[in-house]
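Observations on chain architecture
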Amino acid sequence: MAGRKMIAGALGGCVHVAGVLSFLKIAQRHGYDTYFLGAAVGVERLEQEIDRHQPQAIAVSYRLTAETLEPLLASLRELITRRRWQDKVWLFGGTPPAAEVARRSGLFTAVFGEATSEEVEAFFAKTTRKTVAGQPPQTLMGRIAASAPSPILRHHFGLPDLRATIAGARQLAMAGAIDVLSIAPDQNAQQSFFRQEEMRPELDGAGGVPLRTPADLRAIYEATRCGNYPLLRCYAGTRDLVRWAEMLAETINVAWGAVPLFWYNVLDGRSDRALPDAIRENQEAMRWYASHGIPLEVNEAHHWSLREAPDSVAVATAFLAAYNAKKAGARHYVAQYMFNTPPGTSAPMDLAKMLAKVALIESLHDDGFVSVRQTRTGLASMSTAADVAKGQLAASTFYQLALEPHIVHVVAFCEGHHAATPEEIIESAAIVRGVIQNHSLGALPTTESPLVVERKEQLLADAKLLLEAIRALPSHHVDDPWSDPENLARAVQVGILDAPHLCGNPHAAGKVATLMKNGACVAIDLATGHELTEKERLERLGF
């Protein structure tokens with residue numbers, strides 16, 4: 001809508017203009033050329049200004065007694081009818097009683113009665129976003145481009161009841177709260193969709209919606225073909241990943257695929273796949289998505305941080321995930337940066353860790369491979385108290401925006417306590433949009449602070465040590481140590497890649513101990529409590 005004109009002022013005898021000016025600032029951000037008429041604009045002058053500026057949109061406000069508005073609107077109706085200006089966009093803002101009078105008049109495209117800035121932003125987002133055949137773009141890269149410079153919003157959704165999930169998906173689409181709806185299947189579907197004889201009744205509805213047929217996915221997709229037509233994607237199955245990919249492409253026009261590299265196997269107990277076999281199957285799924293031109297996300301680094309691995313391991317595995325996606329042929333890569341993980345990570349240390357990941361991942365960029373940045377709040381860090389969690393969501397989102405993300409993966413404030421309802425997702429998305437709006441006025445200068453830069457450089461150096469140790473690991477000829485499944489599995493087994501939560505797991509070393517120190521997750525000597533550098537840790541492993 002760039003280049004469209006809007007004029008605005010306070011109508012009649014009203015002299016309250018602060019709301020009008022705030023409204024025009026939002027309109028400008030959405031591509032309107034605006035002109036402020038000022039206070040106390042009579043209908044006769046309004047006609048003159050419309051003739052002068054030839055606007056496509058006219059916004060008027062009125063914050064006086066609602067009863068005195070009715071004759072003004074009668075005059076405005078006569079003007080609109082006489083000049084045949086019904087095709088213009090007429091907007092009204094005022095007190096709730098005045099807004100009710102304006103709604104009853106039927107003159108206005110939209111009426112705002114004490115509207116929040118988030119509601120105004122949502123209105124403009126719906127009306128100014130680039131569309132094809134009346135819909136926002138239905139590809140990830142197209143949606144990102146249409147929303148720029150603001151990030152698109154993603155949220156996961158899946159209730160234990162299929163019908164409730166279908167109804168909730170439609171509600172979210174009609175609200176226009178999020179751009180991407182990630183379907184969350186229950187544990188039975190994730191593990192055994194294609195082997196339903198193995199499903200366990202106690203896992204029905206556990207953690208998500210009980211998908212049992214492709215028709216269930218199609219029903220959710222069809223329910224969202226309204227409102228802002230959100231993109232859809234779905235959590236990956238924990239086995240049979242290629243069959244999952246084929247089904248998601250066919251049923252929900254999956255916006256991008258998401259698979260792990262090291263996980264969903266004996267390492268985390270989410271399937272009985274052996275680690276090298278799981279890596280091979282995960283790589284096969286990556287190749288399938290890439291060969292079909294579907295963007296790819298490799299969920300990896302935060303899985304290590306969720307198990308309290310040293311930050312350096314998280315940075316190294318972020319690179320390995322992107323490296324394997326590129327080797328699989330992916331052109332567009334969704335790099336997920338999960339903040340606040342492990343809990344206790346401070347904002348400067350978090351930002352340093354993410355910047356180190358960005359540096360390594362984006363070093364892989366070339367004409368055939370580019371990543372988009374997706375940030376999210378770490379669920380494990382959020383309080384079970386709703387009001388506290390709302391503050392945590394806002395604070396986390398604010399410093400995530402320092403990464404200039406293309407996608408913000410919203411985590412509802414309630415999810416430390418229970419799975420989010422549509423209403424809670426809509427509220428959480430509004431909180432995030434408010435943060436994005438404030439951040440657009442000017443960010444805090446955090447990315448270049450000495451503390452952040454020092455930690456980022458240390459993590460880059462440590463991650464490169466780990467990557468070189470993996471490269472030097474093979475005892476026989478290996479074409480590519482960073483993508484060879486046996487070699488990657490051995491890196492876990494000997495402890496180059498390790499996490500405290502893997503202690504006792506026969507498929508991993510489980511030797512590392514970590515501690516949150518000054519907001520960072522570092523390896524320590526368990527006997528002394530002293531921090532271990534990655535060089536020292538590798539030397540103790542015999543490297």
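Here is a short report on the structure shown in this document. Being a predicted model, the structure only gives us computed values, none of them experimental.

Turning our attention to the overall build of the protein. Scanning the protein from terminus to terminus reveals 19 helices and 15 strands. Against the globule reference of 24 Å for 543 residues, the protein gives a C-alpha radius of gyration of 27 Å, in line with a compact fold. By its C-alpha atoms, the protein is 85 × 55 × 45 Å across when sized along the principal axes. Residues counted as buried form 57% of the 543 residues belonging to the protein. When contacts within the protein are restricted to residue pairs at least 6 apart in sequence, long-range pairs at least 24 apart make up 71% of them. Here the protein displays about 22,100 Å² of accessible surface, and carbon together with sulfur accounts for 53% of that area. Considering the protein, the positive charge centre built from 53 side chains and the negative charge centre built from 60 side chains are found 4 Å apart.

One finds Ile183, Phe262, Trp304 and Leu320 to be the most contacted residues of the largest nonpolar core, which totals 111 residues. Broken down by element, the residue count for this core peaks at 10 residues, all from helix H13 (residues 311-327). Among residues more than four places away in sequence, those in contact with Phe262 are Leu267, Leu275, Ile279, Asn282, Glu300, Trp304, Thr317, Leu320, Leu488, Val492 and Leu497. Counting 29 residues, the second largest nonpolar core, distinct from the first, contains Cys14, Ile50, Leu73 and Trp90.

Below, the discussion takes up the environment of Pro137. Relative to the helices and strands, Pro137 is located in the loop between helix H5 (117-128) and helix H6 (140-147). Once the C-alpha coordinates of Pro137 and Arg82 are considered, the two residues, 55 residues apart in sequence, prove to be 38 Å apart.

With that out of the way, let us pick up helix H9 (residues 214-223). Regarding H9, the residues found buried are Asp216, Leu217, Ile220, Tyr221 and Ala223. Axial view of H9: buried residues confined to an arc of 165°, hence all on one face. Buried residues along H9 sit against helix H7 (162-175), strand S7 (180-183), strand S8 (231-234) and helix H10 (241-252).

Let us now look at the pattern of salt bridges. For the structure shown, the criterion picks out 32 salt bridges. With a shortest N-O distance of 3.6 Å, Glu49 and Arg52 are connected by a salt bridge. Taken together, the positions of Glu49 and Arg52, both in helix H2 (residues 43-53) and three residues apart, correspond to about one turn of that helix. Across the pair Arg218 and Glu250 runs a salt bridge, and its minimum N-O distance is 3.1 Å. With Arg218 in helix H9 and Glu250 in helix H10, this residue pair connects regions lying 32 residues apart in the sequence. The class of Arg218 is partly exposed, set by a relative accessible area of 34%. By relative accessible area, which is 58% here, Glu250 ends up exposed.

One pass over the structure, following the stated rule, counts 13 aromatic pairs. Pairing Phe319 with Tyr323 gives two aromatic rings, centres 5.8 Å apart and planes at 35°, and the pair type is tilted. Here Phe319 and its partner Tyr323 are both found in helix H13, four residues apart, which amounts to about one turn of the helix. Side by side, Phe319 and Tyr323 carry an identical accessibility label, which is buried. Lying over the aromatic face of Trp482, Arg471 brings its terminal NZ or CZ to 4.3 Å of the ring centre.

This next bit is on the sheet that holds strand S2 (residues 32-41). The strand order across the open sheet formed by five strands is S2-S1-S3-S4-S5, and the pairing between neighbours is parallel. In this open sheet, the two strands that pair with only one neighbour each are S2 and strand S5 (110-113). Adjacent strand axes in the sheet meet at a mean angle of 15°, parallel and antiparallel pairs treated alike. Of the strands in this sheet, strand S1 (4-11), S2, strand S3 (57-62), strand S4 (89-94) and S5 are in contact with helix H1 (residues 18-29), which crosses S2 at around 170°.

Let us look at the sheet that holds strand S10 (residues 296-299). Read across the sheet, eight strands follow the order S8-S7-S6-S13-S12-S11-S10-S9 without closing on themselves; strand pairing throughout is parallel. Looking at strand neighbours, the two that pair on one side only are S8 and strand S9 (257-260), the edges of this open sheet. Across the sheet, the mean angle separating the axes of adjacent strands is 30° when strand polarity is ignored. As judged from the four bridges shared by S9 and S10, these two strands associate in the parallel manner. The residue of S10 that forms the bridge with Pro260 is Asn299. Across the sheet, H10 touches S7, S8 and S9, and the angle it forms with S8 is around 160°.

Within the element layout of this structure, Pro230 appears in the loop between H9 and S8. The class for Pro230 is buried, based on a relative accessible area of 1%. Separated by 126 residues in sequence, Pro230 and Ala356 have C-alpha atoms that sit 32 Å apart. Apart from residues lying up to four places away in sequence, Pro230 is in contact with Gln138, Arg143, Ala173, Ile178, Asp179, Val180, Leu181, Thr224 and Arg225.

At a closest axis distance of 8 Å, the pairing of H13 and helix H17 (residues 450-471) adopts a crossing angle of 65°. Judged by the twist between their axes, the crossing of H13 over H17 is right-handed. Of the residues in H17, those touching H13 at Asp311, Ser312, Val313, Val315, Ala316, Phe319 and Leu320 are Arg455, Leu459, Asp462, Ala463, Leu466, Leu467 and Ile470. When its residues are assigned to classes, the contact of H13 with H17 shows 10 nonpolar, one polar and three charged.

The next point concerns the pairing of S2. When S1 meets S2, the two strands line up parallel, connected through seven bridges. When the sheet's bridge partners are listed, Arg4 is paired in S2 with Tyr32.

Definitions and limits used
Residues numbered from 1 in each chain as written. Predicted model: local features only at pLDDT ≥ 70, side-chain atom pairs only at ≥ 80, totals over all residues. Heavy atoms only, no water. Helix = DSSP H or I, 4+ residues; strand = E, 2+ residues; numbered from the N terminus. Rg over C-alpha atoms; globule rule 2.2 N^0.38 Å. Buried < 20%, exposed > 50% of the residue type's maximum accessible area, 1.4 Å probe, protein only. Contact = heavy atoms within 4.5 Å. Areas by Shrake-Rupley, 256 points an atom, 1.4 Å probe, with all protein chains shown as cover. Lys, Arg positive; Asp, Glu negative; His and termini not counted. Charge placed at Lys NZ, Arg CZ, Asp CG, Glu CD. Core = buried A, V, L, I, M, F, W, Y, C linked by side-chain atoms within 4.5 Å. Arc of directions from axis to C-beta. Salt bridge = Lys/Arg side-chain N within 4 Å of Asp/Glu carboxyl O. Phe/Tyr/Trp six-rings, centres within 6.5 Å; stacked < 30°, edge-to-face > 60°. Lys NZ or Arg CZ within 6 Å of the ring centre and 35° of its normal. Pairing = 2+ DSSP bridges. Axes fitted to C-alpha atoms, helices over the stretch in contact; angles between N-to-C directions. Left-handed = near helix turned anticlockwise from the far one by under 90°. Nonpolar A, V, L, I, M, F, W, Y, C, P; charged D, E, K, R; others polar.

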